[in-house]
Amino acid sequence: MWKSFYRVHRKQLRTTCMLLIIGLAYYALTQLMPFRIPCVFQKITGLACPGCGVTHFCIRLLHLDFRGAAKENLALACILPPWGLLLLIRTILHPRWLRKNGKLKQGFYWGCIAVLLVFGVVRNLPGFSFLLPSYLQ
């Protein structure tokens, strides 16, 4: 079973492993030194983009602090579970309704983009500072 799974998903598994290695190396770097990749959008405009707080989100997830991770980037905390579920369903069951470039998948992509754009605007409005990552509050 695992051999056939590996044969079919070899490319995705390699990409996932490389991303995990890069992410863990970046995590180690942030823990050993005060180095962080700055948000260019935030540096230029002074506003938080939809991706601000992703590094802190990931660090909190590594520490199994799910509530803290959600406070860093609520949109990501809401989008990741459905992504994971759809990825799991697609990988294991291969349903027709979740095929590559299918209408449901495209709708889900556009829905996620809309959520991120709305989140990026709302988190910068007065009274919604609780949506900002901890380092900007």
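Residues numbered from 1 in each chain as written. Predicted model: local features only at pLDDT ≥ 70, side-chain atom pairs only at ≥ 80, totals over all residues. Heavy atoms only, no water.

1. Considering the overall build of the protein
Part 1 of the argument: If you tally the helices and strands in the protein, you get 6 helices and 0 strands.
Part 2 of the argument: Across the protein, helices and strands are ordered from the amino to the carboxyl terminus as α-α-α-α-α-α.
Part 3 of the argument: Seen along its three principal axes, the alpha-carbon backbone of the protein occupies a region of about 50 × 35 × 25 Å.
Part 4 of the argument: Relative to its full complement of 137 residues, the protein shows a buried share of 23%.
Part 5 of the argument: Excluding contacts between residues fewer than 6 apart, the proportion of contacts in the protein whose partners are at least 24 apart in sequence is 45%.
Part 6 of the argument: With an accessible surface of roughly 10,300 Å², the protein has 72% of that area assigned to carbon and sulfur atoms. (Helix = DSSP H or I, 4+ residues; strand = E, 2+ residues; numbered from the N terminus. Buried < 20%, exposed > 50% of the residue type's maximum accessible area, 1.4 Å probe, protein only. Contact = heavy atoms within 4.5 Å. Areas by Shrake-Rupley, 256 points an atom, 1.4 Å probe, with all protein chains shown as cover.)

2. Some points on the confidence of the model for the protein
Part 1 of the argument: Put simply, the protein has an average pLDDT of 89, and 99% of its residues get 70 or more.
Part 2 of the argument: No element of the protein has a lower mean pLDDT than helix 1 (residues 2-32), at 86, and none a higher one than helix 4 (residues 66-72), at 95. (pLDDT = per-residue confidence, 0-100.)

3. Here we look at the pattern of salt bridges
Side chains that differ in charge, positive against negative, can pair when their charged atoms come close.
Part 1 of the argument: Per the counting criterion, the structure on display carries 2 salt bridges.
Part 2 of the argument: For Arg60, the salt bridge is made with Asp65, and the minimal N-O distance between the two is 3.0 Å.
Part 3 of the argument: The exposure class assigned to Arg60 is partly exposed, which follows from its relative accessible area of 29%.
Part 4 of the argument: The shortest N-O distance in the salt bridge between Glu72 and Arg60 comes to 3.1 Å. Residue Glu72 is found in helix 4, and its partner Arg60 is found in helix 3 (residues 54-62); the two are separated by 12 residues along the sequence.
Part 5 of the argument: If you follow the salt bridges from partner to partner, you end up with Arg60, Asp65 and Glu72 in one network. (Salt bridge = Lys/Arg side-chain N within 4 Å of Asp/Glu carboxyl O.)

4. Quick look at the nonpolar core
Part 1 of the argument: Grouped together as the largest cluster of nonpolar side chains are 5 residues: Cys39, Ala48, Cys49, Cys52 and Leu132.
Part 2 of the argument: If we skip the residues at most four places from it in the chain, Cys49 touches Cys39, Phe41 and Arg123. (Core = buried A, V, L, I, M, F, W, Y, C linked by side-chain atoms within 4.5 Å.)

5. Some details on helix 1
Part 1 of the argument: Along its 31 residues, helix 1 runs just 37 Å from first to last C-alpha, ending more than 12% under the 45 Å computed at 1.5 Å per residue.
Part 2 of the argument: Along helix 1, the largest kink reaches about 80 degrees and is centred on His9.
Part 3 of the argument: Lining the buried residues of helix 1 we find helix 3 and helix 5 (74-93). (Expected span 1.5 Å × (residues − 1). Bend = angle between axes of the 7 residues up to and from the residue.)

6. Details of the side chain of Lys105
Part 1 of the argument: For Lys105, the position within the fold is in helix 6 (residues 103-122).
Part 2 of the argument: No salt bridge forms around the buried Lys105; measuring N to O, its nearest opposite-charge neighbour Glu72 is 29 Å away. (Lys, Arg positive; Asp, Glu negative; His and termini not counted.)

7. Focus: a positive patch on the surface
Part 1 of the argument: Where like charges cluster on the molecular surface, the positive patch consists of Lys3, Arg7, Arg10 and Arg14.
Part 2 of the argument: Relative to the assigned elements, Arg14 resides in helix 1. (Patch = residues over 30% accessible without salt bridge, like charges linked within 9 Å, V, L, I, M, F, W, Y side chains within 5 Å. Charge placed at Lys NZ, Arg CZ, Asp CG, Glu CD.)

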